[in-house]
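Each chain, written out:
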Amino acid sequence: MNGYRPPVVVASSEIAASIRSICSSNDALESLERIIRTDDIGSLPLLASCEWRRFSGEMRTALASRDHVVVKGLPVSADGATLLVATLTIGAMFRTYRGGQIIKHFKMSPWTTDLSHTIREGEFHTDLNTESQPPAITAMQCLDSDPGSPHFGANRVARLTDLVAFFDKCDDKSMLRFLTQDKVTMLNDRSVSTWDGCIIENGAIRYHPETLRAAARRSGGPLPALQEQIASIASAALSVSEPFILDSGDILLLSNHRTLHYRGECSVVFKKFPTDFLARSIFILHASKELKGS
């Protein structure tokens, strides 16, 4: 593990105290989700403060510079409420899941093959890529860091501009054509959701290897050739990114349109085999709109 650090914003003590106050009650997350669903965020006095405007401006500047940013110094909420408040600095129009909930919780497990929970190494991807309009922002907060950190559970973010520049520098016209000109189909095996188009369109990327494989399997397309293209993208993304660790409480905000993100292999430590174990766990949410400017 090298010393790479993504752009970092450290929350002031005033912001941290205000968010701690908002998120301290037992029903904090439920109240916040209700406020956001009813478009009543003006009821949060913090968002009208000068300190919040300064914090939001710093966050948006950092995101604009590298398409991702890590926030440190904020409290950890057991229900993920902190993540929701922090993402208000750069995101709006939050996606809802499971009966109107905005926050999802993932704990890595050695007993699942689910892509969101497996301890196996992940792949570079964007989230919800088969939707007609994928979310603009992906946000996650580390609740429990990987017990094997820093050797396990590392994150990477590969920027779209760096990825294209890599293939351009290599003069790899076939991969540039695959990314920007070839029409592909992406299929979500767990729903009826499919999408057809170019991986990169209008300055945005949508990409998940598993959805490309699923579409190829269903259509009977040439899977070996596709696997070579996926491997080329993985190699390029590794070349233009560096691993970094999220400690407990750290929040990673990234553009789901201008980056691919990745999580390395995770570990577990059993307290009592087979079901009681320590593992990496995170909260995650998605926002459809990115807020820009100061």
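Structure report, in brief.

Criteria and thresholds
Residues numbered from 1 in each chain as written. Predicted model: local features only at pLDDT ≥ 70, side-chain atom pairs only at ≥ 80, totals over all residues. Heavy atoms only, no water. Helix = DSSP H or I, 4+ residues; strand = E, 2+ residues; numbered from the N terminus. Rg over C-alpha atoms; globule rule 2.2 N^0.38 Å. Buried < 20%, exposed > 50% of the residue type's maximum accessible area, 1.4 Å probe, protein only. Contact = heavy atoms within 4.5 Å. Areas by Shrake-Rupley, 256 points an atom, 1.4 Å probe, with all protein chains shown as cover. Lys, Arg positive; Asp, Glu negative; His and termini not counted. Charge placed at Lys NZ, Arg CZ, Asp CG, Glu CD. Axes fitted to C-alpha atoms, helices over the stretch in contact; angles between N-to-C directions. Parallel < 35°, antiparallel > 145°, perpendicular 65-115°, else oblique. Nonpolar A, V, L, I, M, F, W, Y, C, P; charged D, E, K, R; others polar. Polar contact = N/O pair within 3.5 Å; in protein donor to acceptor, adjacent residues only side chain to side chain. Core = buried A, V, L, I, M, F, W, Y, C linked by side-chain atoms within 4.5 Å.

Quick notes on the overall build of the chain
Then, in step 1: The helix and strand inventory of the chain stands at eight helices and 15 strands.
Then, in step 2: Radius of gyration (C-alpha) of the chain: 19 Å, near the 19 Å computed for a compact globule of 294 residues.
Then, in step 3: When burial is assessed residue by residue, the chain has 51% of its 294 residues classed as buried.
Then, in step 4: At a minimum sequence separation of 6, the contacts of the chain that also span at least 24 residues come to 80%.
Then, in step 5: Surface accessibility of the chain: about 13,700 Å² in total, with carbon and sulfur atoms responsible for 52%.
Then, in step 6: Each charge class in the chain can be summarised by its mean position, and for the 32 positive and 33 negative side chains these summaries are 1 Å apart.

Quick notes on the pairing of strand 12 (residues 259-263)
Then, in step 1: In terms of burial, strand 12 is a largely internal element, five of the five residues being buried.
Then, in step 2: Where burial is concerned, the two faces of strand 12 agree: the one with Thr259, His261 and Arg263 and the one with Leu260 and Tyr262 are both buried.

Some points on the environment of Cys266
Then, in step 1: By secondary structure assignment, the location of Cys266 is in the loop between strand 12 and strand 13 (268-272).
Then, in step 2: By relative accessible area, Cys266 is classed as buried at 2%.
Then, in step 3: Along the primary structure Cys266 and Phe167 are separated by 99 residues, whereas in three dimensions their C-alpha atoms are 30 Å apart.

A closer look at the packing of helix 6 (residues 173-180) against helix 8 (residues 223-239)
Any two packed helices are characterised by how steeply their axes cross, that is the angle between the axes, and by the distance between the axes.
Then, in step 1: In contact at an axis separation of 11 Å, helix 6 and helix 8 are set at 95 degrees when each is read in the N-to-C sense. Here helix 6 is positioned roughly perpendicular relative to helix 8, judged by the angle of their axes. Between helix 6 and helix 8, the contacting residues are Met175, Phe178 and Leu179 on the first element and Leu226, Gln229, Ser232 and Ile233 on the second.
Then, in step 2: Grouping the amino acids of the contact of helix 6 with helix 8 by side-chain chemistry returns five nonpolar, two polar and no charged.

Things to note about the side chain of Gln141
Then, in step 1: As for its placement among the helices and strands, Gln141 is situated in strand 5 (residues 137-144).
Then, in step 2: Residue Gln141 is classed as buried on the basis of its relative accessible area of 0%.
Then, in step 3: A distance of 3.5 Å separates a polar atom in the side chain of Gln141 from the backbone oxygen of Pro75.
Then, in step 4: A polar contact is formed between the side chain of Gln141 and the backbone oxygen of Gly249, at a distance of 3.0 Å.
Then, in step 5: For Gln141, the contacting residues outside a window of four places in its chain are Pro75, Val76, Thr82, Leu83, Gly249, Asp250, Ile251, Ser281, Ile282 and Phe283.

Comments concerning the nonpolar core
Then, in step 1: One finds Trp52, Leu74 and Leu84 to be the most contacted residues of the largest nonpolar core, which totals 41 residues.
Then, in step 2: For this core, the secondary-structure elements that each account for two or more residues are helix 1 (13-22), helix 2 (28-37), helix 3 (50-66), strand 2 (68-72), helix 4 (81-87), strand 5, strand 11 (251-255) and strand 15 (281-290).
Then, in step 3: Excluding residues within four positions of it along the chain, Trp52 makes contact with Ile15, Ile19, Leu46, Leu47, Val85, Leu88 and Thr89.
Then, in step 4: Among the nonpolar cores identified, the runner-up in size contains 25 residues, and Leu163, Val184, Ile230 and Ile233 belong to it.

Distances and angles like these do not, on their own, reveal function.
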